[in-house]
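A look at the structure
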Amino acid sequence: MQFFKDIYHLFFPKICLCCKEQLLKNEKTICLKCRFELSTTNFTEERSNKVEQTFFGRIPIEFGTALFFYKTKGISQQLIYQLKYYGHQEVGVLLGDWLGYELKNSRRLIAVDYIVPVPLHDKRLKKRGYNQLTTFGLSLSKIIGATYIKGVLIRKTVTETQTLKQRFDRWKNVQEIFHLTDLMLFENKHVLLIDDVITTGATLEACALQLLKAKNVKVSIATMAYTE
Ligand SMILES: [Zn+2]
């Protein structure tokens, strides 16, 4: 079997999604060089890190982290684009495994019951065919032993283009569009809310506010990347 695999790769070599160089036998999805070029945040073991600071005075969260810093035109952007716009869901697996082991070994994160993704609107979901957080969330949930819950936190409408809007407007824009179909499910649970990139935190805040309506719920936040 290995022999046929080797022959196959000789003719169809696997390439790194970022630099397009041929991958070595033990490399998956991206090469080691590109992986080292991602600038990791080390937030997971850092108290009051920048993700957690983002929500100070806004919503109570237990814990927050992000894997790497998001840089426009950098490897980080390329990687997220491959996942979001080019259908490379293996990026979600790569990052989910990576963050999963980080969280599993963390001394700061207490046991998580559920992992909940920031939902895409149905229309966008249909157009893209997948939520870019699914493979990420599933990989993560396997490693930390939590249940992946989709379809309970839902998005009602697509927001207008948000880039030129002020933060307040943005917040107003997103706060009403998320909705929980089952509040009881989250009672007395610790929920890890996940997203791809955290910028102002407005979307995550709006989602967390819905989850926080459940009795005695704890909410934590983890993303693939953090924008400075
Ligand atoms: Zn590479």
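Above this text is the structure in question.
So, a few notes on the structure that sits alongside this text. Keep in mind the model is a prediction, meaning the values are calculated, not measured.

What follows deals with the overall build of the protein chain. In terms of regular secondary structure, the protein chain is built from nine helices and seven strands. Counting every position in the protein chain, which comprises 228 residues, the buried fraction comes to 36%. The contacts in the protein chain between residues at least 6 apart in sequence include a share of 74% that link residues at least 24 apart.

Here we take up the packing of helix H5 (residues 90–104) against helix H7 (residues 134–144). Interhelical geometry of H5 versus H7 gives an angle of 30° and a closest axis separation of 7 Å. By the criterion of interaxial angle, the relationship of H5 to H7 is roughly parallel. H5 and H7 meet at a crossing whose hand is right-handed. Counted together, Gly-92, Val-93, Leu-95, Gly-96, Asp-97, Leu-99, Gly-100, Tyr-101, Leu-103 and Lys-104 of H5 and Thr-134, Thr-135, Phe-136, Gly-137, Leu-138, Ser-139, Leu-140, Ile-143 and Ile-144 of H7 form the full contact between these two elements.

Pairing is parallel across the open sheet formed by five strands, whose spatial order is E1-E7-E6-E2-E3. Each edge of the open sheet carries a strand with a single partner, namely strand E1 (64–69) and strand E3 (147–148). Sheet analysis places strand E2 (residues 114–117) next to strand E6 (residues 190–198), joined by four bridges and oriented parallel. Bridge pairing in E6 places Tyr-114 opposite Val-191.

Its 15 residues place the ends of H5 21 Å apart at the C-alpha level, agreeing with the 21 Å of an ideal helix rising 1.5 Å per residue. Turning to H5, its buried residues number three or more, namely Val-91, Gly-92, Leu-94, Leu-95, Gly-96, Trp-98, Leu-99, Gly-100, Glu-102 and Leu-103. Check the buried side of H5 and you find it contacts E1, helix H4 (75–84), H7 and strand E7 (218–226).

This brings us to the pairing of E7. Buried residues dominate E7, accounting for nine of its nine residues. Where E1 and E7 come together, five bridges link them in parallel fashion. In the strand pairing of E7, Ala-66 is matched with Thr-223. The pairing of E6 with E7 spans eight bridges and is parallel. Counted as the bridge partner of Leu-192 is Ser-220 from E7. The parallel pair E6 and E7, bridged by helix H9 (residues 202–211), forms a crossover whose chirality is right-handed.

On to H4. Taken together, the buried positions of H4 are occupied by Ile-75, Ser-76, Leu-79 and Leu-83. The buried side chains of H4 occupy one side of the element, clustering within an arc of 105° when seen end-on. Summarising the contacts, the buried residues of H4 are in contact with helix H2 (32–37), E1, H5 and E7.

The next subject is the environment of Gln-210. Here Gln-210 lies in helix H9. Residue class for Gln-210 comes out buried when judged on the 21 C-beta atoms lying within 10 Å of it. C-alpha of Gln-210 to C-alpha of Phe-178: the two residues are 32 residues apart in sequence and 7.0 Å apart in space. Discounting chain neighbours no more than four positions away, the residues touching Gln-210 are Leu-153, Phe-178, His-179 and Leu-180.

As a further point, take unusual backbone geometry. What is expected of a backbone is that most residues other than glycine have negative phi and most peptide bonds are trans. Despite not being glycine, Asn-188 has its phi angle at roughly 60°, a positive value. Within the secondary structure, Asn-188 sits in the loop between strand E5 (178–180) and E6. A positive phi angle is found at Asn-216, which is not glycine, with a value near 55°. Its place among the elements puts Asn-216 in the loop between H9 and E7.

So, how was this worked out
Residues numbered from 1 in each chain as written. Predicted model: local features only at pLDDT ≥ 70, side-chain atom pairs only at ≥ 80, totals over all residues. Helix = DSSP H or I, 4+ residues; strand = E, 2+ residues; numbered from the N terminus. Buried ≥ 20, exposed ≤ 12 C-beta atoms within 10 Å, placed from the backbone. Contact = placed C-beta atoms within 7 Å. Axes fitted to C-alpha atoms, helices over the stretch in contact; angles between N-to-C directions. Parallel < 35°, antiparallel > 145°, perpendicular 65-115°, else oblique. Left-handed = near helix turned anticlockwise from the far one by under 90°. Pairing = 2+ DSSP bridges. Expected span 1.5 Å × (residues − 1). Right-handed = clockwise from strand over helix to strand, strands pointing away. Arc of directions from axis to C-beta.

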